[in-house]
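Structural overview for review
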Amino acid sequence: MAKVALKDWKEQIRDPKIECMSRDEMTALQSERLVKQVKNVYDHVEFYRKKMDDMGIEPGDIKGIEDIGKLPFTTKEDLRANYPFGLLAVPQEKIVRVQGTSGTTGKLTLASYTQKDVDVWGECVARGLTMAGLTAEDRLHICYGYGLFTGGMGLDFGARKLGAMAIPMSAGNTKRQLMCMEDFGATAFACTPSYALYLAEAANEAGIVDKLRLKVGINGAEPWTEEMRLKIEELLNVNCFDIYGLCEITGPGVALECIHHKGMHIYEDYFYPEVLNPADYTPCADGETGELVFTTLVKEGMPLLRYRTKDLTSIDHSTCECGRTLPRISKFKGRTDDMKVIRGVNVFPTQVETALLSIGGGVAPHYMMIVDRENNLDVLTVMVEVDEKYFSDEIRKLDELKNKVAAVLKQALGVAVRVKLVEPKTIERSEGKAKRVIDNRGL
């Protein structure tokens, strides 16, 4: 199936009243909802009542969205400290489902949802699927994991709201994934970008790309680059769309790109975004990179005030070419906790990915960053997969490629890098979020 060109893409807007609302109307709606939500959490969530009391803030001090800076922040540590149900604003019997993230140590981060919260979640995902050009006639192959992780269920809820066919494959068993994509006539698929690339490579190796009816990829849950998108689109002949969400706020469906790929539109009628300077928490101007912070304006089960996501992005409030007035956030530069400081230089995995994809032939966008400390000096080693032919060529050509990769990475990162070239398929593939960094410094 030929990739649909932008000029032939029919722009669709699921809820024009909200998605194209004027800035003044949206501000009024957000203000009304924030005032109600602040009173709600003060009256029903002891954690927020104590936080606000300690700051000398009362619900009556919040007159509108312009007062949001007076409110306390919420962190993932706060969620863990109140695990499992300490942040509920409703009785437990009104909670119809829970979702969570496992994290790496200790208790998981749990989010609770009422039926209304689930309905809002599905509606937001349906808006995003509509942005990507999908309709009730489409078939969405979902290979995000189902279970406590929000990815699979979120896309499933959205497909139901849209009236599209959901194919709930979950993660794993790539050969079976491709078989079902072909047999069921999937027109769209949803998974992490790293797994999308893995699927694309496997489909090409199996020689079935021309047999697939795919036209759209919905890919998110980890930072990825424009170069990665172009690579997946080239291999599968699809249009890929970045989707963003986090279980603490609602799961996937907080934001998604439209066909113009000028950033992800945030559904700010439900989730109020701030982009703040991580150093002093002052608001960033449009276009400036900062930490993304969300306040859930209507969530019932576990509403959150000014939740610090640790995701680094910029925001743009100008009207998009698609006609939507919803603000757009840029592709994530990374996370405050993914950033590694190497000899005083801030380094993000996405910078490595961009640099490798700029090289062209010879290397693949599969890599691993390993950070060590030798003689009190930080050392960054980047393992990079290379094409098979280079391992059958003379050593001189392999050394030339290694030196080229090292030079490109040094230019991109601003710090010298040790490069280790490895054979294809050496670096472990991920069916979920890709692990890109190993930090052995014990910081």
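Summary of the structure given here. Because the structure is a prediction, the values reported are computed rather than measured.

This part takes up the pairing of strand β10 (residues 271–276). In terms of burial, β10 is a largely internal element, 6 of the 6 residues being buried. Where burial is concerned, the two faces of β10 agree: the one with F271, P273 and V275 and the one with Y272, E274 and L276 are both buried. Examined bridge by bridge, β10 and strand β11 (residues 290–296) share 6 bridges and lie antiparallel to one another. What sits directly across from F271, in β11, is T296.

Here we take up the sheet that holds strand β21 (residues 437–439). Two modes of strand pairing occur in sheets, parallel and antiparallel, and in both the strands are linked by backbone hydrogen bonds. The 4 strands lie next to each other as β20-β19-β18-β21, forming an open sheet whose pairing is mixed. Because the sheet does not close on itself, it has two edges, and the strands there are β20 (418–422) and β21. On average, each strand axis in the sheet is inclined to that of its neighbour by 20 degrees, with strand direction left out of account. Examined bridge by bridge, strand β19 (residues 377–386) and β20 share 5 bridges and lie parallel to one another. Residue T381 lies in a different strand from β20, and its bridge partner there is R418. Contacting β18 (363–374), β19 and β21, helix α10 (residues 349–359) crosses the sheet at an angle of about 135 degrees to β18.

In this section: the pattern of salt bridges. One pass over the full model with this rule turns up 28 salt bridges. The salt bridge partner of R324 is E19, with a shortest N-O separation of 2.8 Å. Taken together, the positions of R324 in the loop between β13 (315–316) and β14 (328–329) and E19 in helix α1 (residues 16–19) put the pair 305 residues apart, joining distant regions of the chain. Between R418 and E374 there is a salt bridge, and its shortest N-O distance comes to 3.0 Å. With R418 in strand β20 and E374 in strand β18, the pair connects residues that are 44 residues apart, well separated along the chain.

Glancing now at the packing of aromatic side chains. How two aromatic rings sit relative to each other is given by the distance of their centres and the angle of their planes. Summed over all chains, the structure comprises 9 aromatic pairs. An angle of 45 degrees between the planes, with centres 4.6 Å apart, marks the rings of Y244 and F332 as tilted. Of this pair, Y244 sits in strand β7 (residues 239–246) while F332 sits in the loop between β14 and β15 (334–335); the two residues are 88 residues apart in sequence, bridging distant segments of the chain. Its relative accessible area of 7% is what places Y244 among the buried residues. Positioned above the aromatic ring of Y113, the side-chain terminus of K299 is 4.3 Å from the ring centre. K331 extends its terminal NZ or CZ atom over the ring of W224, reaching a point 3.8 Å from the ring centre.

Criteria and thresholds
Residues numbered from 1 in each chain as written. Predicted model: local features only at pLDDT ≥ 70, side-chain atom pairs only at ≥ 80, totals over all residues. Heavy atoms only, no water. Buried < 20%, exposed > 50% of the residue type's maximum accessible area, 1.4 Å probe, protein only. Helix = DSSP H or I, 4+ residues; strand = E, 2+ residues; numbered from the N terminus. Pairing = 2+ DSSP bridges. Axes fitted to C-alpha atoms, helices over the stretch in contact; angles between N-to-C directions. Contact = heavy atoms within 4.5 Å. Salt bridge = Lys/Arg side-chain N within 4 Å of Asp/Glu carboxyl O. Phe/Tyr/Trp six-rings, centres within 6.5 Å; stacked < 30°, edge-to-face > 60°. Lys NZ or Arg CZ within 6 Å of the ring centre and 35° of its normal.

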